[in-house]
Amino acid sequence: MHVTAARQAVGMRSGAATTIDERVARRAERQHGLVARWQVLAIGLTDRQIERRVRDGRWERLSPGVYRIVGAPATDAQRALAAVLAGPSESLACGLTSLALLGVGVAPRVPSICVQPSQSARTSGAATRRSPIAPMDRTLIGPIPATAPARALLEAAPLVPDRVLRDLLDEVICRDLAAPSAIVGAIRRAPPGRGRSGAPRLLAALQPWLEGVAFDSPAEARLLRRITGWGLPAPVRQHPVRLSDGVVVHVDLAWPSDRVGL
């Protein structure tokens, strides 16, 4: 959230926090303008005081037990964290929501969260799935607990067309958010059944990377995949070409025998 929004909402001074509202505002600053009921109870507010702040228009109730400090801008990250805070303990943003928090793809209209198999799948304002998540498949994206990029790809795989899945995968790898081996590891750690339903499509999209092809960018990956799909011969990558002035440049993709380069 904007750094000053929560402070302005309670008239907070720039010095050390001395009141409960100031401590709440500091918490909200770190959480995209949000606080959870259990957090403010721990700070010292009572349920009656919480309700008074909602009635006074200082706080907005987004879901049971989750509040937005009025003035904090609404963002995709805020909606994702609100869904996590509204869910059971250890809830995680997952799938397309987790990827979007990293700047990969587009955030879904309804945030996705993952909860433990024994927990309720009913969470206000969220699409909820039950699945055990190994510790190494968990991460923090800012203040938001989320599934790690490799696991998020597996969760997203059943929900998007093949072309979109390939684009998500290529961007994750090209940005060094997850290595191909890490994605294979996430697939192996996922529970059988629904937890691995997207594995075949994700492995198919991953195959060029597993064969040793190292793309330099998602755009190059898309082009090479299309060239293969069109049935054209595989190009030579980074082919050296000597110009008339003797300078050597490298063409991204080339078919030297046909004197064609891109």
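Note that this is a predicted model, so its numbers are computed, not measured.

**Quick notes on the packing of aromatic side chains**
Step number 1: Taken as a whole and judged by the stated rule, the model has one aromatic pair.
Step number 2: With centroids separated by 5.6 Å and ring planes inclined at 50 degrees, the aromatic side chains of Trp59 and Tyr67 adopt a geometry described as tilted.

**Re the environment of Ala156**
Step number 1: Topologically, Ala156 is positioned in helix H7 (residues 149–156).
Step number 2: When its relative accessible area of 0% is taken as the criterion, Ala156 is described as buried.
Step number 3: With 44 residues separating them in the primary sequence, Ala156 and Ser112 have C-alpha atoms 9.9 Å apart.

**Details of the packing of helix H8 (residues 162–174) against helix H11 (residues 218–229)**
Step number 1: Contact pair H8 / H11: the axes reach a minimum separation of 9 Å and the direction vectors enclose 135 degrees. Relative to H11, the element H8 lies oblique. The crossing of H8 and H11 is right-handed. Contacts between H8 and H11 involve Arg166, Asp167, Leu169, Asp170, Glu171 and Cys174 from the first element and Pro218, Ala221, Arg222 and Arg225 from the second.
Step number 2: Considering only residue class, the contact of H8 with H11 consists of four nonpolar, no polar and six charged.

**A short note on the sheet that holds strand E9 (residues 236–242)**
Step number 1: Overall, antiparallel pairing links the three strands, which are arranged E9-E10-E11 in an open sheet. The sheet is open, and its two borders are formed by E9 and strand E11 (260–261), each paired with just one other strand.
Step number 2: Two strands pair when backbone bridges link them, and strand E10 (residues 248–255) and E11 are joined in this way by two bridges, in the antiparallel orientation. Counterpart to Trp255 in the pairing with E11 is Val260.

**Observations regarding the confidence of the model for the protein**
Step number 1: Mean pLDDT for the protein: 87, with 92% of residues reaching 70 or above.
Step number 2: pLDDT under 50 marks residues 1–5. Its contacts with residues more than four places away, or in other chains, come to 11 contacts.

**Thoughts on the pattern of salt bridges**
Step number 1: Overall, the coordinates contain 13 salt bridges when judged by the stated rule.
Step number 2: Among the salt bridges present, the one from Glu90 reaches Arg138, with a minimum N-O distance of 3.8 Å. Here Arg138 lies in strand E7 (residues 138–141) and Glu90 lies in the loop between helix H5 (76–86) and strand E4 (92–93), a separation of 48 residues in the sequence.
Step number 3: According to the relative accessible area criterion, Glu90 is exposed, its value standing at 52%.
Step number 4: Judged by its relative accessible area of 26%, Arg138 is partly exposed.
Step number 5: We note a salt bridge from Arg163 to Asp167, for which the minimum N-O separation is 3.9 Å. Of this pair, Arg163 and Asp167 both sit in helix H8, four residues apart, roughly one helical turn.
Step number 6: The class for Arg163 is partly exposed, based on a relative accessible area of 48%.

The rules behind the values
Residues numbered from 1 in each chain as written. Predicted model: local features only at pLDDT ≥ 70, side-chain atom pairs only at ≥ 80, totals over all residues. Heavy atoms only, no water. Phe/Tyr/Trp six-rings, centres within 6.5 Å; stacked < 30°, edge-to-face > 60°. Helix = DSSP H or I, 4+ residues; strand = E, 2+ residues; numbered from the N terminus. Buried < 20%, exposed > 50% of the residue type's maximum accessible area, 1.4 Å probe, protein only. Axes fitted to C-alpha atoms, helices over the stretch in contact; angles between N-to-C directions. Parallel < 35°, antiparallel > 145°, perpendicular 65-115°, else oblique. Left-handed = near helix turned anticlockwise from the far one by under 90°. Contact = heavy atoms within 4.5 Å. Nonpolar A, V, L, I, M, F, W, Y, C, P; charged D, E, K, R; others polar. Pairing = 2+ DSSP bridges. pLDDT = per-residue confidence, 0-100. Salt bridge = Lys/Arg side-chain N within 4 Å of Asp/Glu carboxyl O.

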